[in-house]
Amino acid sequence: AQKVTQAQTEISVVEKEDVTLDCVYETRDTTYYLFWYKQPPSGELVFLIRRNSFDEQNEISGRYSWNFQKSTSSFNFTITASQVVDSAVYFCALSEAAGNQFYFGTGTSLTVIP
Amino acid sequence: DGGITQSPKYLFRKEGQNVTLSCEQNLNHDAMYWYRQDPGQGLRLIYYSQIVNDFQKGDIAEGYSVSREKKESFPLTVTSAQKNPTAFYLCASSPSYDTQYFGPGTRLTVL
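Residues numbered from 1 in each chain as written. Chains lettered and ligands numbered in written order. Predicted model: local features only at pLDDT ≥ 70, side-chain atom pairs only at ≥ 80, totals over all residues. Heavy atoms only, no water.

**Quick look at the pairing of strand β8 (residues 64–69) of chain A**
Residues and elements named next belong to chain A.
- Looking at chain direction, strand β7 (residues 59–61) and β8 are connected through three bridges and run antiparallel. Bridge pairing in β8 links I60 to S65.
- Counted between consecutive antiparallel strands, the loop separating β8 from strand β9 (residues 74–79) contains four residues, among which S73 sits at a positive phi close to 50 degrees. (Pairing = 2+ DSSP bridges. Helix = DSSP H or I, 4+ residues; strand = E, 2+ residues; numbered from the N terminus.)

Right under this line is the structure:
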């Protein structure tokens, strides 16, 4: 079974619209970490945020916000007032404290249309 | 500047050849990782190393080999046994069990 599921394969929005990228995870550990990465066309994965399992406080950073809900095992990512530069593939990932690996979702390709 | 470097950016290989992809980090991270990404796909783990002189196979290690002789370096060799090596290869490093930071990647094409 997939440990990280990103059900949205591709999303297109018009510039200035808000968009939410969904991420659902699966783990039996009580201590774990969740991440979001951005992969622009250049290819390099850029780290955006890390959240540990004991901190359910939502976070806002400029136009980005993250909603972590343990009750639904979700860690969704919202971009407000999207811009063309937000066009990229976004990956959600899970790291379990007891293990050595990251589990990446399959990514959501976001296209922002000017 | 601290970071992760990968070279070359583009690499072309003839069938039957072995090639080595370089990955260097100056972040003093203990762990290093190699991933493969095919077009439109997610990341798949090839090998990882938590400490010098030790490494473990990931999900798709067949046809690949690595070494970890120095903390800063984790080269990946794509051998002739890898039947479909054309892909984008990403190297990452992390303080153990923590955030992974990625290099710019190497795009390998088999001619």
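**Description of the packing of aromatic side chains**
- What the rule picks out here adds up to 24 aromatic pairs over all chains.
- Consider the rings of Y25 of chain A and Y32 of chain A, whose centres lie 5.2 Å apart with planes at 50 degrees: the pair is tilted. We note that Y25 of chain A, like Y32 of chain A, is buried.
- Grouped by ring-pair contacts, the aromatic residues F35, Y37, F47, F91, F102 and F104 of chain A together with Y33, Y35, Y48, Y101 and F102 of chain B constitute a single cluster. (Phe/Tyr/Trp six-rings, centres within 6.5 Å; stacked < 30°, edge-to-face > 60°. Buried < 20%, exposed > 50% of the residue type's maximum accessible area, 1.4 Å probe, protein only.)

**Remarks on the interface of chain B and chain A**
- Listed by partner, the interface residues are 20 residues for chain B and 20 residues for chain A.
- Between chain B and chain A, a total of about 1600 Å² is buried, with carbon and sulfur atoms accounting for 53% of that surface.
- At the boundary of chain B and chain A, one finds zero salt bridges.
- Here chain B and chain A share two residue pairs in polar contact (both at pLDDT 80 or more) between them.
- Residue assignment for the side of chain B that touches chain A shows that the elements contributing at least two residues are β4 (31–37), β5 (43–51), β9 (87–94) and β10 (101–102) of chain B.
- By residue number, the principal contributor to the side of chain B that touches chain A is β5 of chain B, which donates four residues. (Contact = heavy atoms within 4.5 Å. Buried area = accessible area lost by both parts, 1.4 Å probe. Salt bridge = Lys/Arg side-chain N within 4 Å of Asp/Glu carboxyl O. Polar contact = N/O pair within 3.5 Å; in protein donor to acceptor, adjacent residues only side chain to side chain.)

**A word on the sheet that holds strand β7 (residues 64–66) of chain B**
Residues and elements named next belong to chain B.
- Spatial strand order, β1-β3-β8-β7: four strands in an open sheet with antiparallel pairing. Two strands in the sheet have a free side with no partner beyond their single neighbour: β1 (4–7) and β7. The mean angle between the axes of side-by-side strands here comes to 20 degrees, regardless of whether they run parallel or antiparallel.
- Two strands pair when backbone bridges link them, and β1 and strand β3 (residues 19–25) are joined in this way by four bridges, in the antiparallel orientation. Residue pairing in the sheet places T5 in a bridge with E24 of β3. (Axes fitted to C-alpha atoms, helices over the stretch in contact; angles between N-to-C directions.)

**Quick word on the state of the cysteines**
- In total, this model carries two disulfides over all chains according to the counting rule given.
- Covalently, C23 of chain A is tied to C92 of chain A through a disulfide, its sulfur atoms 1.9 Å apart. Between C23 of chain A and C92 of chain A the disulfide shows an S-S torsion of about -65 degrees. By sign, it is left-handed. With C23 of chain A in the loop between β3 (19–21) and β4 (24–25) and C92 of chain A in strand β10 (residues 88–96), the pair connects residues that are 69 residues apart, well separated along the chain.
- The exposure class of C92 of chain A is buried, given its relative accessible area of 0%.
- In this model, C23 of chain B is linked to C91 of chain B through a disulfide, with the two sulfur atoms separated by 1.9 Å. One disulfide, between C23 of chain B and C91 of chain B, carries an S-S torsion of -75 degrees and so falls in the left-handed class. Placement of the pair is C23 of chain B in strand β3 and C91 of chain B in strand β9, with a sequence separation of 68 residues. (Disulfide = S-S within 2.5 Å.)

**Some remarks on the nonpolar core**
- Core analysis: the largest hydrophobic core is formed by 23 residues, its most contacted members being W36, F77, Y90 and L110 of chain A.
- For this core, the leading source of residues is β10 of chain A, giving four residues.
- Residues contacting Y90 of chain A, with those up to four places away along its chain left out, are Q6, L21, W36, Y37, K38, L48, Y64, F77, I79, G107, T108 and L110 of chain A.
- Formed by 20 residues, the second largest nonpolar core is a distinct cluster that contains I4, M32, Y47 and L108 of chain B. (Core = buried A, V, L, I, M, F, W, Y, C linked by side-chain atoms within 4.5 Å.)

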